[in-house]
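Spelled out from the first residue to the last, the chains are:
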Amino acid sequence: MDPEYDHNLSGNILRVAVLQPETIAWCQKLGADEVVNHRNNLAEEIDKVGYQNVDYILCLNDTDGHWQAMTKAIKPQGTICSIVENEQPLDMNTLKSKSAGFVWEFMFTRSMYQTEDMAEQSNLLNELSQLIEDGVIVTTCNEVVKPIDAQNLRDVHQRLEKVRTIGKIVLAEWN
């Protein structure tokens, strides 16, 4: 699930995060109604905060690892979306009885395939930019590291490999 959307745009928001105090505080600052631990059984975690199932799931890491929990947690006629490729075949039969859907999101689909609505990407990015400038959407950028050089790249990569960062880290400004 993605902590970027304001309640006015998307309804109730359930954020998934590791239960470190600083992560909980960060998610709540971004507008989370509830925060659950994605390292535990996701269905049980969602149940603990009062949800039996959810309408939408946006998977931003480990589609394979979360697949079983996501298919259990999704409501009938709900939708699961992922931006992360899978390593193993996903059992779509687990969604059949719920008439639930699964979709991929890939940022470059329109330009790669020259779709008829290719200009829509520009419209979406302009709208997103305006929502960020207006303070309606808060980005997940939590740190900017300058300059872009070999040492900073190694340091940031090492931190990301530990999978313990909060938000996004941006490398900026070439030396």
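Here the residue index of a chain counts from 1 through its sequence in written order. Predicted model: local features are reported for residues with pLDDT of at least 70 only, side-chain atom pairs are reported and counted for 80 or more only, and whole-chain, interface and lining totals are derived from all residues. With hydrogens and water excluded, all non-hydrogen atoms of the structure serve as input to the side-chain values.

1. Topic: the overall build of the protein chain
Okay, so step 1: Think of it this way: any DSSP run of H or I at least four residues long counts as a helix, any run of E at least two long counts as a strand, and we number them from the N terminus. Helix and strand counts for the protein chain stand at eight helices and seven strands.
Okay, so step 2: A total of 175 residues make up the protein chain; the buried ones form 31% of that total. We call a residue buried when its accessible area falls under 20% of the maximum for its residue type, exposed when it is over 50%, and partly exposed in between, using a 1.4 Å probe and counting protein chains only.

2. Focus on the confidence of the model for the protein chain
Okay, so step 1: Here the protein chain shows a mean pLDDT of 87. Residues at 70 or above account for 89%.
Okay, so step 2: Highest mean pLDDT in the protein chain belongs to strand β5 (residues 101-104) (98); lowest belongs to helix α1 (residues 7-10) (49). pLDDT expresses how confident the predictor is about each individual residue, on a scale running from 0 to 100.

3. Considerations on the sheet that holds strand β4 (residues 74-82)
Okay, so step 1: Any two strands between which DSSP finds at least two bridges are classified as paired. Pairing in this open sheet of three strands is parallel, and the strands run β3-β4-β5 from one edge to the other. On the outer flanks of this sheet lie β3 (54-59) and β5, each paired with one strand and no other. This sheet shows a mean twist of 15 degrees between the axes of neighbouring strands, independent of strand direction.
Okay, so step 2: Where β3 and β4 come together, five bridges link them in parallel fashion. When the bridges of β4 are listed, tyrosine 56 appears paired with threonine 79.
Okay, so step 3: Running over the sheet, helix α4 (residues 63-73) touches β3, β4 and β5 and is turned about 160 degrees from β4. To obtain each axis, a line is fitted to C-alpha atoms, and for helices this fit is confined to the stretch in contact; angles are then taken between N-to-C directions over 0 to 180 degrees. Contacts were defined at the residue level, with two residues in contact if any of their heavy atoms lie within 4.5 Å.

4. Focus: helix α2 (residues 21-29)
Okay, so step 1: Those residues of α2 not exposed but buried are Thr23, Trp26 and Cys27. When α2 is viewed along its axis, its buried side chains cluster within an angular range of 95 degrees and face the same direction. Away from the buried face of α2 by more than 90 degrees, exposed residues Pro21 and Lys29 are located. Each C-beta atom gives one direction from the helix axis, and the arc is the one those directions make.

5. Re the pattern of salt bridges
A side chain of one charge can pair with a side chain of the opposite charge when the charged atoms of the two come close.
Okay, so step 1: Between Lys or Arg on one side and Asp or Glu on the other, a salt bridge is scored when a side-chain nitrogen of the former is within 4 Å of a carboxyl oxygen of the latter. Tallying each qualifying case throughout the model produces five salt bridges.
Okay, so step 2: With a shortest N-O distance of 3.2 Å, lysine 48 and glutamate 45 are connected by a salt bridge. Here lysine 48 and its partner glutamate 45 are both found in helix α3 (residues 42-48), three residues apart, which amounts to about one turn of the helix.
Okay, so step 3: Of the residues examined, lysine 48 reaches a relative accessible area of 64% and is grouped as exposed.
Okay, so step 4: Lysine 75 is the partner of aspartate 55 in a salt bridge, and the nearest nitrogen-oxygen pair spans 3.6 Å.

6. A word on the nonpolar core
Among soluble globular proteins, nonpolar side chains are generally buried collectively.
Okay, so step 1: The nonpolar core is taken to be a set of buried Ala, Val, Leu, Ile, Met, Phe, Trp, Tyr and Cys residues, with the residues joined through side-chain atoms within 4.5 Å. Counting 16 residues, the largest nonpolar core has Ile57, Trp67, Met70, Ile74, Ile80, Leu95 and Phe102 as the members making the most contacts within it.
Okay, so step 2: Counting only elements with at least two residues in this core, the list comes to α3, β3, α4 and β4.
Okay, so step 3: Ranked by residue count, the leading element in this core is α4, at four residues.
Okay, so step 4: Leave out the neighbours within four places in its chain, and tryptophan 67 touches Leu90, Asp91, Met92, Thr94, Leu95 and Phe102.
Okay, so step 5: Listed in part, the six residues of the second largest apolar core include Trp26, Cys27, Val35 and Ile166.

7. What to know about helix α8 (residues 150-161)
Okay, so step 1: Residue count minus one, scaled by 1.5 Å, sets the expected span of a helix. The first and last C-alpha atoms of α8 sit 16 Å apart over twelve residues, in line with the 16 Å expected at 1.5 Å per residue.
Okay, so step 2: For α8, the capping residue at the N-terminal end is aspartate 149, with a side-chain oxygen 3.3 Å from the backbone nitrogen of glutamine 151.
Okay, so step 3: Where α8 ends, the next residue or the one after it, valine 163, has phi of about 55 degrees, a positive value. In protein, a polar contact means a hydrogen-donor-capable atom and an acceptor-capable atom, both N or O and within 3.5 Å, with residues adjacent in sequence counting only if both atoms are side-chain atoms; elsewhere, any N or O pair within 3.5 Å suffices.

8. What to know about the side chain of lysine 98
Okay, so step 1: Relative to the elements of secondary structure, lysine 98 occurs in the loop between α5 (93-96) and β5.
Okay, so step 2: Within the structure, lysine 98 has its side chain in polar contact with the backbone oxygen of lysine 72 (distance 2.9 Å).
Okay, so step 3: In this view, lysine 98 contacts Asn53, Thr71, Lys72, Ala73, Ile74, Pro76 and Gln77; residues no more than four positions away in its chain are not counted.

9. Observations concerning the side chain of threonine 71
Okay, so step 1: Relative to the elements of secondary structure, threonine 71 occurs in helix α4.
Okay, so step 2: Given a relative accessible area of 7%, threonine 71 falls into the buried group.
Okay, so step 3: For threonine 71, the side chain forms a polar contact with the main-chain oxygen of glutamine 68, separated by 3.0 Å.
Okay, so step 4: Sequence-distant contacts of threonine 71, defined by excluding residues within four places in its chain, comprise Ile80, Thr94, Leu95 and Lys98.

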